[in-house]
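Okay, here's what each chain looks like letter by letter:
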Amino acid sequence: MTRFRPALAFAPCLLLAACATAPLAGRSGANASAPGVTAIGAARAGLGKDARHVTIAGIVTAALPGKDQAPGWLIQDAGDGDSATSDAIWVTGAAAAGLAPGQTVQVSGRIYEATLEPDRKGRARSLTAIDAERIAPMSSRAQRKSLASIQPVAIERAPADWRALQGMRVRIAAPLTLGERDPEQRTLAVSFDGRLWQPSELAAPGSEQARAIAADNERRRLLLTGDAAILPVAAFAARSGSRLDAVEGVAVPVAGHDGIRLSAAPDLHAAPRPPVPQVAGDLRISAFNLENLFNGDGRGGGFPTPRGARTPAEYQAQQAKLVETIHALNPDVAALMELENDGYGPDSTLAELVAALDRADAASGGPQDWRYAAPCRQTCPPRAAGACKDACAASTRGPGEDQIRVGLIYRGQRVAARGPAATLQQGPFGPLARVPMAQAFNAIGADRKPGPAFVVVANHYKSKGCGKNASGADKDQGDGASCWNAARSESSRRLDAWLKTDPTGSGGELTMIVGDLNAHAQEQPLRELYADGWQDAFAVAKVESPYSYVYDGELGRLDHALLSPALAARLRGAVEWHTNADEPESAGYRNGGAGPWRSSDHDPVLLGFDLMPR
């Protein structure tokens, strides 16, 4: 357990010291008001009936500057017994400039509803405020004592409506789970009752169930914010899924969401990094989005690249992380996405990756037998040792004309490629989605006896980003599937129809569709494939709660493995290695992170089959 509690557990100029050590308590409703003073809850309840000028009294608990750092402070009174209204209010205006934490004051002014900063989708929250015209210290010792004894409200579960607590001191008497980190905005996205899931991972987009999941996510989600003394750098280095206890502060909207401005450093129980996964079976196949692996011109120049590394040093660091990941998983075949589309020559990113994997083999006494598939006729004997590294002319690109492409690499001593790879360039494939590549293989057994032919199809569908060109059915329909859902669904239909023609000439029925389909498990692109008989490998393997990607603090799968019925019968295991999706960006190659961690933004998938000859 890491305790982020420095010697000064709060910023003295921001928060009331007493709240860090006070015991938890409910809302007392024992407001000791002076004559002519309105309880804050009552003043808030009357908002909107008229332009109300009131006098309220309370204790200053926290700074909350307004736009352009205009002075603003939160004050709270002892409550009026009404749990439906908050006992705190935001004090704004020039008169608030002289306030400080712990002061007990009377404030006279006009009550109004202030709009706060919006979230990234433009949704803004509001906070009830008083435009202070006059502020005076409280003279009654009894009233000052009463206000100073206010305890934080203990919250054991996600409130149905945070507005009843806005501006009040609170303590979360339940564990919270870390979802996302934003060090620039100094926020941690956390949730009650465990991790959040993308609604369309669990239910059809737009369905009543999906809407219920989205609403529940919003109810359980909370943003925490604090200065460097409360949330140091280490707080933003924790993996998603880590647990936070003893969360305490003032409840206010943060970046358009329900939130807490922390008054003390929470207790962090960091989630451990997972070991290298293992799967049963005699042949291992993986799929991995490399997150834009580009090598410049392949000779040390050409940086910054269009989408990946900005310098040669960054490229070397990126490649090292990816090699460490692939080498540890030790697949016999690996389908790759977001690989630079720069041909198949010795200076290509693909050739350099294969060479780097061979060097990793050499360092560990491995076979140094990495090869890559290509959509070109082999020009060398299939059993020639060290041959066929350059299966295509150096000028050959593809598949497709996008800056990035898919690829397939394999162990030459474990499997043999059957002829050139087949590609499909029609419909969305090419203009929108990356062109898929299908390669037939045979496992190589004792005395080089071949196993049954199987086909691996590498895919990378159109992303969910809307851009400027999404139109018609491809526009965001507001159901959770985002943009280009129609194009992705058409991609699935065309992919299935193409594979039914046996494009590799393998003659068998052992085929898998793997890769980044940019759709969650219950979205239409996946449903199209399920309807055509393709089986989710993780469902076949009875894996509970698989995920490969974290977006907005919500878990889901963009990376899939779908099997023909005959191949599903040979599946022996399916896992994801959560080296990336849960890791902070600070663990990545651009920030000097070591090891396989955050080598990409997607987790690699690993499958085990029985495909060796018997």
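Conventions used here
In this numbering scheme, every chain counts its residues from 1 along its sequence in written order. Residues qualify for local features only when their pLDDT is at least 70, as the model is predicted, and side-chain atom pairs are given and counted only at 80 or more; totals for whole chains, interfaces and linings, by contrast, use all residues. For the side-chain quantities, the full set of heavy atoms in the structure was used; hydrogens and water were omitted. Axis lines are fitted to C-alpha atoms, over the contacting stretch for helices. Their N-to-C directions set the angle, which ranges from 0 to 180 degrees. Under the scheme used here, helices are H or I runs from DSSP no shorter than 4 residues and strands are E runs no shorter than 2 residues, and both carry numbers assigned from the N terminus. By the definition adopted for this analysis, an angle is roughly parallel if under 35 degrees, roughly antiparallel if over 145, roughly perpendicular if from 65 to 115, and oblique otherwise. Throughout, a crossing is termed right-handed when the near helix is turned clockwise from the far one, and left-handed when it is turned anticlockwise from it by less than a right angle. Any two residues having at least one pair of non-hydrogen atoms within 4.5 Å are treated as being in contact. Any residue outside Ala, Val, Leu, Ile, Met, Phe, Trp, Tyr, Cys, Pro, Asp, Glu, Lys and Arg is labelled polar, Gly included; the first ten of those are nonpolar and the last four are charged. Helix span is expected to be 1.5 Å times the residue number reduced by one. Burial status follows relative accessibility: with a 1.4 Å probe on protein chains alone, a residue under 20% of its type maximum counts as buried, one over 50% as exposed, and anything between as partly exposed. A side-chain nitrogen of Lys or Arg and a carboxyl oxygen of Asp or Glu constitute a salt bridge if their distance falls within 4 Å. Two strands are counted as paired when DSSP detects at least two bridges linking them.

Peer 1: Any chance you could explain the packing of helix 7 (residues 485–499) against helix 8 (residues 524–531) here in plain terms?
Peer 2: In helix packing, the relevant descriptors are the interaxial angle and the interaxial distance, both defined with respect to the helix axes. Contact geometry of helix 7 with helix 8 gives a least axis separation of 8 Å together with a crossing angle of 20 degrees. Relative to helix 8, the element helix 7 is oriented roughly parallel. Here the hand of the crossing between helix 7 and helix 8 comes out right-handed. Taking contact as the criterion, the partners of Asn485, Arg488, Ser489, Ser492, Arg493 and Asp496 in helix 7 are, on helix 8, Gln524, Pro525, Glu528 and Leu529. Among the residues making up the contact of helix 7 with helix 8, the classes are represented as two nonpolar, four polar and four charged.

Peer 1: Where do I start with helix 7 in this structure?
Peer 2: Between its first and last C-alpha atoms helix 7 spans 21 Å; for 15 residues at 1.5 Å apiece the expected length is 21 Å, and the two agree. Within helix 7, the full set of buried residues consists of Asn485, Ala487, Arg488, Ser489, Ser491, Ser492, Leu495, Asp496, Trp498 and Leu499. The elements touched by buried residues of helix 7 are strand 22 (422–423), strand 23 (434–444), strand 24 (450–460), strand 25 (511–516) and helix 8.

Peer 1: Explanation requested: the pattern of salt bridges in the structure shown.
Peer 2: Should their charged atoms come close, side chains of opposite charge can pair. Applying the stated criterion to the full structure yields 31 salt bridges. Through salt bridges with shared partners, one network takes in Arg125, Glu218, Arg221, Asp258 and Glu554.

Peer 1: Explain the pairing of strand 20 (residues 404–411) here, please?
Peer 2: Every other side chain in a regular strand lies on the same face of the sheet, so the side chains alternate between the two faces. Strand 20 sits mainly inside the fold: eight of its eight residues count as buried. Looking at chain direction, strand 18 (residues 333–340) and strand 20 are connected through six bridges and run antiparallel. Looking at strand 20, one finds that Val333 is bridged to Tyr410. Across three bridges, strand 19 (residues 370–372) lies against strand 20 in antiparallel orientation. In the strand pairing of strand 20, Trp370 is matched with Arg411.

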